[in-house]
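Per-entry structural report
Letter by letter, the chains look like this.
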Amino acid sequence: MNDEKSGVEVAVVSGLSGAGRSTAAKCLEDLGWFVVDNLPPELVSTMVELGAQARGVITKVAVVMDVRSRAFTDDLASVIKDLDARGYKPKVLFLEATDAVLIRRFEQVRRGHPLQGDGRLSDGIAAERRMLMPLRDEADLVLDTTGLSVHQLRGKIEDAFGSESSARTRVTVLSFGYKYGLPMDADLVIDVRFLPNPFWIPELRDNTGLDAEVRNYVLSQEGAEDFLDRYQELLRLIGAGYHREGKRYLTLAVGCTGGKHRSVAMSEELAGRLASEDGMTVKVVHRDLGRE
């Protein structure tokens, strides 16, 4: 759906209230889309044009729309037609679910339906179905979320809108020094202070874990390779579980005393191993390197 002239991919997300639009929007954000929620229909084309003029900063724009505008269907049909004429070829995602499931979802959050008025929930749902039927018929992808968990819905949206790289778990391996405090954003923390400290080796003290001499010293210590082997296997299991649960970001903090020798060398080695794993994109950050 990416037009060569515009360089911007466009998606329109709509559907029945309570069918999962908010989940779809969050998933698209995680996949790298610029998401705009409930933008007035007459401003959609302007928003997409601004994205196209951003010189590659914005390459994917998703517009989430609902029926809070009474002229919704006519306006949205015009928007889609206009975008198509401009060469953007929007991909339309429509979300729906059975009446029973929608009613249960509204009751769980104790909210009324936007088209309910003085009637019942079922009246609002029926009115919305009638209003959205033309859009549903023209949608590129219709997802029935009746029997889907949040994670299953995310999986279907990733299949439809994500690239291979965007669906990967993004792992940040962060080295740090305990004497400067624990990283606040760490999901997992590894303590490598069980290894001998190169600081006490005069010829290694001024070097860092990025230097071959320090790296070789750290990795040659008893337990270092076994530790890496076992933790790599553990992270393989954790990463697969995070992927199933829809978690796409993992920060793994590796700490030693000062964040200069052991944690740096072990972070680099562990990141290199994880980079070869399927479903992971890895980067390394050395938080405290250079502080001493």
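Heads up: the structure comes first, above all this text.
First, a word on scope: everything that follows refers to the structure included in this document. (Residues numbered from 1 in each chain as written. Predicted model: local features only at pLDDT ≥ 70, side-chain atom pairs only at ≥ 80, totals over all residues. Heavy atoms only, no water.)

This part is about the environment of Gly 124. Along the polypeptide, Gly 124 turns up in helix α5 (residues 121-138). By relative accessible area, Gly 124 is classed as buried at 0%. C-alpha separation for the pair Gly 124 and Pro 114, spaced 10 residues apart in sequence, amounts to 7.0 Å. Setting aside its immediate chain neighbours within four residues, Gly 124 contacts His 113, Leu 115 and Gln 116. (Helix = DSSP H or I, 4+ residues; strand = E, 2+ residues; numbered from the N terminus. Buried < 20%, exposed > 50% of the residue type's maximum accessible area, 1.4 Å probe, protein only. Contact = heavy atoms within 4.5 Å.)

In this section: the sheet that holds strand β5 (residues 141-144). Read across the sheet, 5 strands follow the order β2-β3-β1-β4-β5 without closing on themselves; strand pairing throughout is parallel. With one partner strand each, in any of the chains shown, β2 (34-37) and β5 form the two edges of the open sheet. Across the sheet, the axes of successive neighbouring strands diverge by a mean angle of 20°, strand direction being ignored. Sheet analysis places strand β1 (residues 9-15) next to strand β4 (residues 91-96), joined by 5 bridges and oriented parallel. Its bridge partner lying in β4, Val 13 is registered against Leu 93. Sitting on the sheet, α5 is in contact with β1, β4 and β5, with an inclination near 150° to β4. (Pairing = 2+ DSSP bridges. Axes fitted to C-alpha atoms, helices over the stretch in contact; angles between N-to-C directions.)

Applying the stated criterion across every chain, the model contains 5 aromatic pairs. A ring pair is formed by Phe 199 and Trp 200, whose centres lie 4.9 Å apart and whose planes are at 85°; its orientation type is edge-to-face. Judged by relative accessible area, which is 60%, Trp 200 ranks as exposed. Counting every residue linked through ring pairs, the aromatic cluster contains Phe 194, Phe 227 and Tyr 231. Over the face of the ring belonging to Phe 161 we find Lys 91, whose NZ or CZ atom lies 4.8 Å from the ring centre. One Lys or Arg, Arg 193, reaches over the ring of Tyr 178 and ends 3.7 Å from the middle of that ring. (Phe/Tyr/Trp six-rings, centres within 6.5 Å; stacked < 30°, edge-to-face > 60°. Lys NZ or Arg CZ within 6 Å of the ring centre and 35° of its normal.)

This next bit is on the packing of helix α1 (residues 21-30) against helix α6 (residues 150-161). At a closest axis distance of 10 Å, the pairing of α1 and α6 adopts a crossing angle of 50°. On the basis of the axis angle, α1 is oblique to α6. By crossing handedness, the relation of α1 to α6 is classed as right-handed. Of the residues in α6, those in contact with Thr 23, Ala 24, Lys 26, Cys 27, Leu 28 and Asp 30 of α1 are Val 150, Leu 153, Arg 154, Ile 157, Glu 158 and Phe 161. (Parallel < 35°, antiparallel > 145°, perpendicular 65-115°, else oblique. Left-handed = near helix turned anticlockwise from the far one by under 90°.)

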